[in-house]
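Now for the letters of each chain:
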Amino acid sequence: MIQINNVSVFYESKREKVKALGPINFKAENDDICAIIGPSGCGKTTLLNVLSGIIKKYEGEVLLDLKELNPHIHKIGFIPQDFGLLPWKTVEENCLLPFKIKKEVVENDTTQKMDLIMKRLNINELKNRYPNELSGGQKQRVSIVRSFLINPDLLLMDEAFSALDAIIRDEAQELFLDIWNENKMTTFFITHSIDEALYMGKKIIVMSNRPGEIIEVIDNNLFNNKYYKKDKDYSILFSHIKDLIKRGWDK
Ligand code: ADP
Ligand code: MG
């Protein structure tokens, strides 16, 4: 279980102190997938950076299974908005980086799983390339492979499918759900697509304008259903979320 208690973030410069987020209060169970949707600049990336341990200076607390969140103890898979690849490492080395950092041996199972995921995302031919030889969408897929490979306790995805074309995006969404159905890891993902939130989000967190607060959490019964668009609740939920986001703009 992850508990986010009264979390607020301020960005400080010499001239000013700006509140970017919060207060946020939220609780997710271990098998929850939470979609985060809200206007640009409302603090979504900031929230994910708190959960990933990148932002250490914040008010409030974040607990994972009742212990303070700590990237050295908890296994956190993170797909940042800028993909987070090391330019001097090949695609394969970038995918296996978490193992190298933790000085873990890469077992055959892992390389086999890597090959499988790469094939599904159609980047298996790119293993020996360097990031600057890849398109944005290809870089994003490398970042996806890396985070799916480590069986994380907590998976964080910041608009992880945004640079993918429609066909690869569908495949990536399905791949994510396959991996989640196997491992049931706690997941937070940011998206601008209401459809993506409805397909992949067990819970949908709608945020207000900056400093982002949670306006509503929707328990989404269309989640994990390939035919979600055919469900009788689809259009009602879609317009409801759209209205909420619009209202957030006027806060
Ligand atoms: P989102 O991901 O929802 O678009 P962000 O979390 O990136 O929003 O940013 C939230 C707010 O904080 C924005 O208004 C942004 O301009 C500001 N912000 C983000 N990073 C910094 C920073 N390093 N220093 C100062 N302000 C920042
Ligand atoms: Mg962002």
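Heads up: the structure comes first, above all this text.
This one's a predicted model, so the numbers in the text were calculated from it and none came from an experiment.

Some thoughts on the nonpolar core
At step 1: Phe148, Met157, Phe161, Phe176, Leu198 and Ile204 are the most contacted members of the largest nonpolar core, which totals 53 residues.
At step 2: With 7 residues, the top contributor of residues to this core is helix α6 (residues 166–183).
At step 3: Not counting residues within four places of it along the chain, the set of residues in contact with phenylalanine 176 comprises Ile33, Phe148, Leu155, Met157, Phe161, Met185, Thr187 and Met200.
At step 4: Counting residues in hydrophobic clusters, the runner-up holds 27 residues, among them Ile24, Cys34, Leu48 and Leu156.

Concerning the coordination of the magnesium ion (ligand 2)
At step 1: Surrounding the magnesium ion (ligand 2) are the protein donor atoms Thr45 (OG1) and Gln81 (OE1), which sit 2.0 to 2.7 Å from the metal. Taken together, the residues threonine 45 in helix α1 (residues 44–52) and glutamine 81 in the loop between β6 (76–79) and α2 (91–95) connect sequence positions 36 residues apart.
At step 2: Look at glutamine 81 and you get partly exposed, because its relative accessible area is 40%.

Some words on the environment of methionine 114
At step 1: Looking at the secondary structure, you find methionine 114 in helix α4 (residues 108–120).
At step 2: Sequence separation between methionine 114 and tyrosine 228 is 114 residues; the distance between their C-alpha atoms is 29 Å.
At step 3: Those residues within four positions of methionine 114 in sequence are excluded, and the remaining contacts are Glu92, Cys95, Leu96, Lys127, Val145 and Leu149.

Re the packing of α4 against helix α5 (residues 136–149)
Between two packed helices, what matters for the description is the angle formed by their axes and the separation of those axes.
At step 1: Where α4 contacts α5, the two axes come as close as 10 Å, and the packing angle between them is 145 degrees. Between α4 and α5 lies a crossing whose hand is right-handed. Contacts from Thr110, Lys113, Met114, Ile117 and Met118 in α4 reach Val145, Phe148 and Leu149 in α5.
At step 2: Its residues placed into classes, the contact of α4 with α5 shows 6 nonpolar, 1 polar and 1 charged.

Concerning the packing of aromatic side chains
At step 1: In total, this model carries 6 aromatic pairs according to the counting rule given.
At step 2: Where phenylalanine 148 meets phenylalanine 176, the ring centres are 6.2 Å apart and the plane angle is 40 degrees; that geometry is what we call tilted. With a gap of 28 residues between them, phenylalanine 148 in helix α5 and phenylalanine 176 in helix α6 connect regions that are remote in the sequence. The residues phenylalanine 148 and phenylalanine 176 share a single accessibility class, namely buried.
At step 3: When the centroid spacing of 5.8 Å and the interplanar angle of 50 degrees are considered together, the rings of tyrosine 234 and phenylalanine 238 count as tilted. Remark: phenylalanine 238 and tyrosine 234 occur in helix α8 (residues 234–249); sequence separation between them is 4 residues, near one turn of the helix.
At step 4: In this structure, lysine 17 is placed above the aromatic ring of phenylalanine 10, and the distance from its NZ or CZ to the ring centre is 4.7 Å.

Rules and cut-offs
- Residues numbered from 1 in each chain as written.
- Chains lettered and ligands numbered in written order.
- Predicted model: local features only at pLDDT ≥ 70, side-chain atom pairs only at ≥ 80, totals over all residues.
- Heavy atoms only, no water.
- Core = buried A, V, L, I, M, F, W, Y, C linked by side-chain atoms within 4.5 Å.
- Buried < 20%, exposed > 50% of the residue type's maximum accessible area, 1.4 Å probe, protein only.
- Helix = DSSP H or I, 4+ residues; strand = E, 2+ residues; numbered from the N terminus.
- Contact = heavy atoms within 4.5 Å.
- Donors = N, O, S within 2.8 Å, 3.2 Å for Na, K, Ca; no water.
- Axes fitted to C-alpha atoms, helices over the stretch in contact; angles between N-to-C directions.
- Left-handed = near helix turned anticlockwise from the far one by under 90°.
- Nonpolar A, V, L, I, M, F, W, Y, C, P; charged D, E, K, R; others polar.
- Phe/Tyr/Trp six-rings, centres within 6.5 Å; stacked < 30°, edge-to-face > 60°.
- Lys NZ or Arg CZ within 6 Å of the ring centre and 35° of its normal.

Everything listed here is a matter of coordinates, which is why it stays silent on function.
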